[in-house]
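Chain and residue survey
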Amino acid sequence: MLISKTIAEAQSACAQLRGEGRVVGRTLGLVPTMGALHEGHLSLARAARAACDAVAVSIFVNPTQFGPNEDFSKYPRTFENDCALLEREGVDLIFAPTVEEMYPAWASTFVIVEGVSDRLDGASRPGHFRGVTTVVSKLFHIIAPHKAFFGQKDAAQVAVLRKMVRDLNFPLQFVVCPIVREADGLALSSRNHYLSEKERQQALVLHRALQKVEEAVASGEGSSSKLIEAAGLVLAQEPGVRVDYIAVVDPDTLEDVSDVRGALVAVAAFVGTTRLIDNILL
Ligand code: PAF
């Protein structure tokens, strides 16, 4: 497994991994991450391993997607452990650039997907998706993967990036993998590192709220406002949890829907100071 910190080295390693110059090329999969890897990330690496001849994983805590009062400096960084985990998954290349390598002082180009980037997490975290789409565009150009793997847990990110891939004609397949949960239902997230034992228990209310929505739909409820109300009542049972949003939206546009069939039900809430997200597709 090669660990590359520079763009030039990663580009030439990826050309080899894609089998450039050979009669029969090889498929290259990319799993973009910010490190602090957990089973959710590893499930993406496994999906890439199963679907592609070679796998690259990027580890880069991307400053441009954090707001001024967010957790960029304290975001968990567990590089040695991440490398050991990825080696075990049979990953071929880790691309782990520095901030200066990705964003030299002279760079002034950003990628913005208008509309969808301002909804859900984009509404709560202004500028967040501009950072995500910019860094992911750069990663797509540097690694030039045939397939790129993302987790459904970041449902709004999936909508924004899927649109970017379509709008900008990136020649790759965009693969979305299911949410990985702990046995008690908590969706895996690197930010779970921040939770105290008590907060971790409180955080389970996000999953319970979504389960309530599923139950309501199974018993015939079809009104999105009623579903939002039902989820809100469950979330209100945990006083340590402050709701950011509960939304029933079209999974592609993130716009509100009246017909809940096929809708995305997404929640974001602060547990103490940690902002967590979770969702289900109906
Ligand atoms: O989902 C993440 O971890 C990040 O937003 C991503 C896609 C790696 C871009 O920095």
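Residues numbered from 1 in each chain as written. Predicted model: local features only at pLDDT ≥ 70, side-chain atom pairs only at ≥ 80, totals over all residues. Heavy atoms only, no water.

**A few points about the sheet that holds strand β9 (residues 274-281)**
Cut-off, in case you're wondering: DSSP calls a pair of strands paired once it identifies at least 2 bridges connecting them. Strands are runs of DSSP state E lasting at least 2 residues, helices are runs of H or I lasting at least 4, and numbering of each runs from the N terminus. Lines are fitted to the C-alpha atoms to define the axes, a helix being fitted only along its stretch in contact, and any angle between axes, read from their N-to-C directions, falls within 0 to 180 degrees.
Judged by pairing direction, the sheet is antiparallel, and its 3 strands sit side by side in the order β7-β8-β9 without closing on themselves. For this open sheet the edge positions go to β7 (241-249) and β9, each flanked by a neighbour on one side alone. If you compare each strand with its neighbour and ignore which way they point, the axes differ by 15° on average. Bridging between strand β8 (residues 264-271) and β9 involves 8 bridges; their strand directions are antiparallel.

**Brief notes about the nonpolar core**
Across soluble globular proteins, nonpolar side chains show a tendency to be buried alongside one another. Going by this rule: Definition of nonpolar core: a set of buried residues of the types Ala, Val, Leu, Ile, Met, Phe, Trp, Tyr and Cys, connected through side-chain atoms within 4.5 Å. For every residue, the accessible area obtained with a 1.4 Å probe (protein chains only) is divided by the maximum for its type, and the residue is called buried under 20%, exposed over 50%, and partly exposed between those limits. The domain limits used here are those given by an automatic or database domain assignment. Working rule for contacts: check all heavy atoms of both residues, and any pair within 4.5 Å makes them a contact.
Counting 47 residues, the largest nonpolar core has M102, L120, F140 and I143 as the members making the most contacts within it. Looking at this core, you find at least three residues from each of domain 1 (2-177) and domain 2 (190-281). Among residues more than four places away in sequence, those in contact with L120 are A156, Y245, A247, V249, L254, L264 and A266. By size, the runner-up hydrophobic cluster in this structure holds 26 residues, among which are L195, A203, V260 and V271.

**A closer look at the domain arrangement of the protein**
This is how it is decided: By buried area we mean the combined loss of accessible area, with a 1.4 Å probe, across both parts when two parts are placed together.
Per the domain assignment, the segments making up the protein are domain 1 (2-177) and domain 2 (190-281). When each unit is reduced to the centre of its C-alpha atoms, the spacing between domain 1 and domain 2 is 26 Å. Taken together, the 22 residues of domain 1 in the interface contact 20 residues of domain 2. Together domain 1 and domain 2 conceal approximately 1800 Å² of surface at their shared face, both sides included; 50% is due to carbon and sulfur atoms. The largest contributions to the domain 1 side of the interface with domain 2 come from R119, L120 and K153, which together make up 28% of the buried area.

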